[in-house]
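Results of the structural survey
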Amino acid sequence: VPPARKLGVALVGLGNYSTRQLAPALQETELCRLAGIVTGTPAKAEAWKEKYNIPEKSIYSYENFEQIKYNPDIDIVYVVLPNSMHVEYTIRAALAGKHVICEKPMALNVAECKEMIATCREAGVKLSVGYRLYFEPHHQEVRRLGTEKIYGAVKMMETSLGFSMADPTVWRLNPKLGGGGAIMDLGVYAIQGARRVIGELPVAVTAQGYIRDKTIFKDIYETMLFQMEFPGGAISNSTTTYTSYVDRLYATTGYRWFGLQPAFNATGATGDSSEGKIEFKTPAYQQIRQMDAFAKSIMDNTEPLASGEEGMKDLRIIEAIKQAADTGKRVEI
Ligand code: NDP
């Protein structure tokens, strides 16, 4: 696709993920390109303008963001803000007539997801969630092994993601901005690692919340363990945590098994199984495939694979997990 025909993407919020992953990935995409930025930090605007050759007219602040409506160079707005801001900026982008990708978790709860989906539909724009792993070959392979029962029907899964969080000042630990700790930040990965491999949605969950370091974690769970029951009888066990590094997916059918470790981090997955290695050559940035797939769904006018409905499925499960941890009861979905 010639540069002029590529869809223009504006990144909203120039933090770690935009800086380290999305902007570099957008230099290698075939169907879209980095065309604009929205930031509250003037120094970042200057640096990005220089580095990525972004024209002055495609640089916005949170205050004048609505003006993006009049910019024909921007087709897609990519919301990469703290979790609590996803709903507002997705809706503002849709009302400005732009297609939207929103980072994970899609929102703080199901009600917000519904509002985002409805607003995008009414505005006639497409909505996607930043689920890079939907387009990642190792994840596509374990999904194939599970849903096509290549080694038999999966009976049990373990899916976990965690890292050590030492900085008490980050927005992720603020319940208003982050939405409630490790499960909000990392839950979508552990949930998808199981539900996508089995190809079913859970019918019930149980969960246990823990706080080890009470000096940092006051009002959110530092660690959330949860179990999901699937309609075909399979069960999964997961940990999301801010105490320590863990990053793996494991599925077993009885004697045969397959898995990924690391599994979910953007730095890349490595796979193994009872039948041999699961190996694919992949580009440096997983977001290249993710972004090109969304651009293609816009060009072809088809439903994006990582749709708003997919995002809402995970929020519905997260809500049930939180309720299960708070009440100590099994929660049916
Ligand atoms: P950062 O804290 O690094 O960046 C967030 C940016 O949002 C800030 O740099 C700032 O940009 C802007 N911002 C606006 N208002 C606020 C506020 N009140 N507090 C803090 N920042 C604010 O976060 P990340 O980049 O790590 O995460 C952003 C989103 O991306 C989250 O939803 C996260 O879950 C998701 N994410 C997804 C990943 C994936 O693999 N799919 C990986 C990492 C994150 P500015 O200065 O330009 O205004």
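Residues numbered from 1 in each chain as written. Predicted model: local features only at pLDDT ≥ 70, side-chain atom pairs only at ≥ 80, totals over all residues. Heavy atoms only, no water.

Next up on the list: the site of the ligand. Near the ligand there are 23 residues, and of these T39, T41, K44, Y62 and R132 occur at the shortest range. A distance of 3.0 Å separates an oxygen atom of the ligand from a polar atom in the side chain of H86. Protein coverage of the free-state accessible area of the ligand, which is 890 Å², stands at 81%. Split into classes, the residues belonging to the shell around the ligand amount to nine nonpolar, nine polar and five charged. Shared between two domains, the shell around the ligand holds at least three residues of each, these being domain 1 (3-130) and domain 2 (133-282 + 315-332). (Near = heavy atom within 4 Å. Polar contact = N/O pair within 3.5 Å; in protein donor to acceptor, adjacent residues only side chain to side chain. Areas by Shrake-Rupley, 256 points an atom, 1.4 Å probe, with all protein chains shown as cover. Nonpolar A, V, L, I, M, F, W, Y, C, P; charged D, E, K, R; others polar. Domains from an automatic or database assignment.)

The next subject is the sheet that holds strand β2 (residues 32-38). If you walk across this open sheet you meet the six strands as β3-β2-β1-β4-β5-β6, and the pairing is parallel. Both outer strands of the open sheet, β3 (59-60) and β6 (127-129), are each paired with one neighbouring strand and no more. Pairing of strand β4 (residues 76-79) with strand β5 (residues 99-102) involves four bridges; the strand directions are parallel. Looking at β5, one finds that Y78 is bridged to I101. (Pairing = 2+ DSSP bridges. Helix = DSSP H or I, 4+ residues; strand = E, 2+ residues; numbered from the N terminus.)

For the protein chain, the assigned domains are domain 1 (3-130) and domain 2 (133-282 + 315-332). On a C-alpha basis, the centroid separation for the pair domain 1 and domain 2 is 27 Å. In total, domain 1 and domain 2 occlude about 1,100 Å² of area from one another, counting both sides; carbon and sulfur atoms represent 62% of this. Ranking the residues of domain 1 by area buried against domain 2 places K104, L108 and V110 at the top, with a combined share of 41%. Summed over the shared surface of domain 1 and domain 2, the number is one salt bridge. The salt bridge involving K104 is made with D185; its shortest N-O contact spans 3.3 Å. For the pair domain 1 and domain 2, the number of links is five residue pairs in polar contact (both at pLDDT 80 or more). (Buried area = accessible area lost by both parts, 1.4 Å probe. Salt bridge = Lys/Arg side-chain N within 4 Å of Asp/Glu carboxyl O.)

Moving on to unusual backbone geometry. In this model, K104 is joined to P105 through a cis peptide bond whose omega is -15°. You can see P105 is positioned in the loop between β5 and α4 (110-123). For the peptide bond that leads from Q261 to P262, omega is -5°, which places it in the cis range. At N53, a position not held by glycine, the phi torsion is positive, near 55°. Along the chain, N53 falls in the loop between α2 (42-52) and β3. The backbone of K149 sits at a positive phi, close to 50°, despite the residue not being glycine. Position of K149 among the secondary structure elements: in the loop between α5 (137-147) and β7 (156-162).

Tracing the chain through its elements places E136 in the loop between β6 and α5. It turns out E136 is buried and unbridged, and the closest side chain with the opposite charge, R289, is 7.2 Å from it. Within polar-contact distance, the side chain of E136 engages the backbone nitrogen of H138 at 2.9 Å. (Buried < 20%, exposed > 50% of the residue type's maximum accessible area, 1.4 Å probe, protein only. Lys, Arg positive; Asp, Glu negative; His and termini not counted.)

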